[in-house]
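The residues making up each chain are set out below.
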Amino acid sequence: MARQEGTVEPMQRQVKSDLVTTPAHFGEAYDNAALTPTLLGELGSSLSNNASMELSKRRGIEAGLNPSGDILPPLTNADKAYADAYQNQSQATLTNQANDLFNKANENMSKLNKITTGSISEYQKTMTEGLGDILKLAPNDVRASLANQFTGQMQSSTHQYNMRVISQNKAEAVASSNAALSSINEQVHTAALDGKLDSAAKLFEDSLEMIARGKNGGTYSSSQAQVLGKTAHLNYLSSLEIQKGITARHEGKLDEWYASLADEKSKPEGVSWSEWETVRGNSAKYLNGVNSLGNQQQTLIASNGAVDIAQGTMNAEKMESYQSQLKESPKLFNQLQIQYSNQLRKSSKDGQSTNFYASHWKNIDSMRSATPKQIDGAFNMLSDMHQKSSEASGHPISKDEADYQVAANATVPVPTYNKKITSYATSGNPDLMMNALQSYNRLADLPGFKAGIASNNKNAIGTLHSFEHFIEQGLDATTAANKATLINSDKSDEKTQLINRATKEYLDDAAPTAAKLQSWAFNQAGISKTDVIDNPTSVASEYLGMFKDNMQWVGGNSDVALKMTNKAFQQAWGVSHVNGKATFGFLPPEKMIKLDEGAVPLMQLDIAEQVKGAIKETNAAHDAGHYDWGYRVVEGPSLDEYASAKKSVRELGLKDPQYAAHKQIISKFDAGSPVEIERVRKIGKKEEVQKFTTKIITNPWQGIDSNTGELTGGYDIALVNKDTGMTEPFQGLFTNTNMNPTYNPNTDWIARNYMLVNGLNPNTNSHEEFLAQYARFREQQNEESPYTKTINSVGRGFR
């Protein structure tokens, strides 16, 4: 049915959008266009060209880092990019290389103390060659630019060095001229002070002419020449005025000269006041210094005189010389005279004391009171006298040998000799160390503690033992000395730790257990298995302690430490028979009085006498009823009885009518049995008696005097019960205390009677002389017939 005009049709749902509202298909269109051959080729070509250009630039830069001259002309854009990059990088690389070359060349030039035309020529030659080699590597397009750059740089450097040469030459000329002027000024001063005024004036004129030539030649500027001329003029005027002052001083008119300086009329014509003030100041300062030096010189002369007095080298002739030198200082000479007078009085007193101790050198009682200085004085006197007397007798000895022989007879350590041997031992000089070693060993072999006279310095003794050890190993003396000295040069903690480790390793191997340690100590010390030892543990511990200590002084060498320990151990330890049987212990009395076991019988008499004195107070208290018991000493053969019997048997032998009785006395006395003591308790009219024998025990406070080498402190006396064999304290009232009595060996009494009973002369000056007599006596005994020796061997003493 046809729609009527003017009517509206009803709206209906649209099935799809019409073309106006539907999106255009642009993507599809682009896709189609991109797939066409023309557009794809253009895009690919563009991307390819860009990549090629970048790659060419990179390759050009890399090639330019190590340029090698020209390259082929570019044909494409990529080639052109390569060429541009290569040329730019080549220029940068070669410029850097040239700069390095310049820097190194300039550094070498700066090291020169002085730059010369020769060094500049060498610089140009080196740089030209170096820059030429660099330019050979440059591309043609940049070579000209680089050449201009390098040429300009080298010309600039060369110009700077040439300017430095000119500056140097000018400075040298100025310095040379100034040095010459300074020398002339000094000659002017010297000539004026010597009084040669005409010569001084001529030299002054010469200096002015030289300054003028320097100005005309360009060495000095006008202002410099003016200053130099003024300086020369002031020097000349000052020298003339100083000469006047020196002359016035010698004439004693120095005060008048000082006054003239203050006078305004003294100013010379043509000299400004400013210049004159300078001249006056220079002159006054110089003369003040001369006066001060003069006073110092006088003081120095007096000081030298005091040194001569202190050293004992002053004499009457020297005093006259000092008097003439100190004319200007009479007070100083008077002081010197007083010092010399005091020194003469003191020397006289010291000389008397030196003579006294030299004459009592072998008397221990006298030497105990000597000071170290007095001991040294006596030692030096005796050594000089001994050397001179030996030479006079036709048997000359060295100073070292004279020192040794005098020291060997000393009864006290000699400080100066101890210091000498110690310094020899640690000197590192093989000859001196050998001298010290021989002296030490010789003294150590003497009875007593003579080694202490050589040295008490553990470092020195350890060095000597090491030195001896290396010699015994076959090393030459120089090598042995160097090695021994080196051992004690290192005292670091690390060295100590190494030695401690070496000590531990040695003991772990030699004595791993307590039992083996004791056995090791006894074996090393030479203690016999048959020796009786009261306290074996203490003995072994003492030996071990000495060994460990000595290991530190010999660098951990166990062989040397053992030898050093044994030598010291055997001096203070040994076997004693004083308690009735051979007993090993510390400070055996026989060794301390420097006798053998033959002295034991006399020691028993000495012990008996000292016990008698000790028990008096106890016995008195017992007799008064104030103490439970008293003591008495059982008497044995007296010394007179023994000496008489000994003399009769020695002279008559079997022809002695009382031979049997005398033999019994000798046997009982020579047995040297310990003193018998009876402890008595009174009960009514009866007595209760206990029998004992004495026992000598080392006192913990005993030792060896480091100054005299003698025993200090007494031995304790204990009692051994004869019924039980047990040791017990010696109890009683002793000097108002309950302490045990002590025994102090009467060495002089024992030695004197030791000689008497053997027919020797007791009237000797020293114990050493006695020992020499005794040695001859024993040697004579050994040479006697078997019959006589049998007679004289009765008992164990004095045979």
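Higher on the page you've got the structure.
Residues numbered from 1 in each chain as written. Predicted model: local features only at pLDDT ≥ 70, side-chain atom pairs only at ≥ 80, totals over all residues. Heavy atoms only, no water.

## A look at unusual backbone geometry
The following threshold applies: Working definition: helices are DSSP H or I runs of at least four residues, strands are E runs of at least two. Numbering for both runs from the N terminus. Any residue under 20% of the maximum accessible area for its type is buried, any over 50% is exposed, and the rest in between are partly exposed; the area is computed with a 1.4 Å probe on protein chains only.
Positive phi, normally seen in glycine, also occurs at L587, with a value near 55 degrees. Tracing the chain through its elements places L587 in the loop between β3 (583-586) and α24 (589-592). On the accessibility criterion, L587 (0% relative accessible area) is buried.

## Quick look at the packing of aromatic side chains
The line we're drawing: Centres within 6.5 Å make a pair out of two Phe, Tyr or Trp rings, where for Trp the six-membered ring is used; the pair is then stacked when the planes are under 30 degrees apart, edge-to-face when over 60, and tilted otherwise. Any Lys NZ or Arg CZ found within 6 Å of a ring centre and within 35 degrees of that ring's normal is scored as a charge over the ring.
According to the stated counting rule, one finds 17 aromatic pairs in the structure shown. Each ring, one from Y123 and one from Y161, has its centre 5.1 Å from the other, and the planes form 75 degrees; the classification is edge-to-face. Here Y123 is found in helix α4 (residues 117-135), whereas its partner Y161 is found in helix α5 (residues 140-193), with 38 residues between them in sequence. Taken as a pair, Y123 and Y161 share a single burial class, namely buried. For the pair F356 and Y357, a centre-to-centre distance of 5.0 Å together with 80 degrees between the ring planes defines the contact as edge-to-face. Judged by its relative accessible area of 8%, Y357 falls in the buried class. An aromatic cluster is defined as three or more aromatic residues linked by ring pairs; in this entry it consists of Y506, W520, Y543, F547, F569, W573, F584 and F586. Taking NZ or CZ as reference, K483 lies 4.7 Å from the ring centre of F470, over its face.

## Side note on the nonpolar core
To be explicit about the condition: By convention a nonpolar core is built from buried Ala, Val, Leu, Ile, Met, Phe, Trp, Tyr and Cys residues, the set being connected through side-chain atoms within 4.5 Å. In this analysis, two residues are considered to be in contact whenever any of their non-hydrogen atoms come within 4.5 Å of each other.
Membership of the largest hydrophobic core comes to 101 residues, with the highest contact counts inside it found for W361, Y417, W520 and F569. With 7 residues, helix α22 (residues 536-553) is the largest single contributor of residues to this core. Those residues in contact with W361 that lie beyond four places of it in its chain are M367, I375, A378, F379, L382, V406, N409, A410, T411 and V414. By size, the runner-up hydrophobic cluster in this structure holds 20 residues, among which are A191, L203, A225 and L237.

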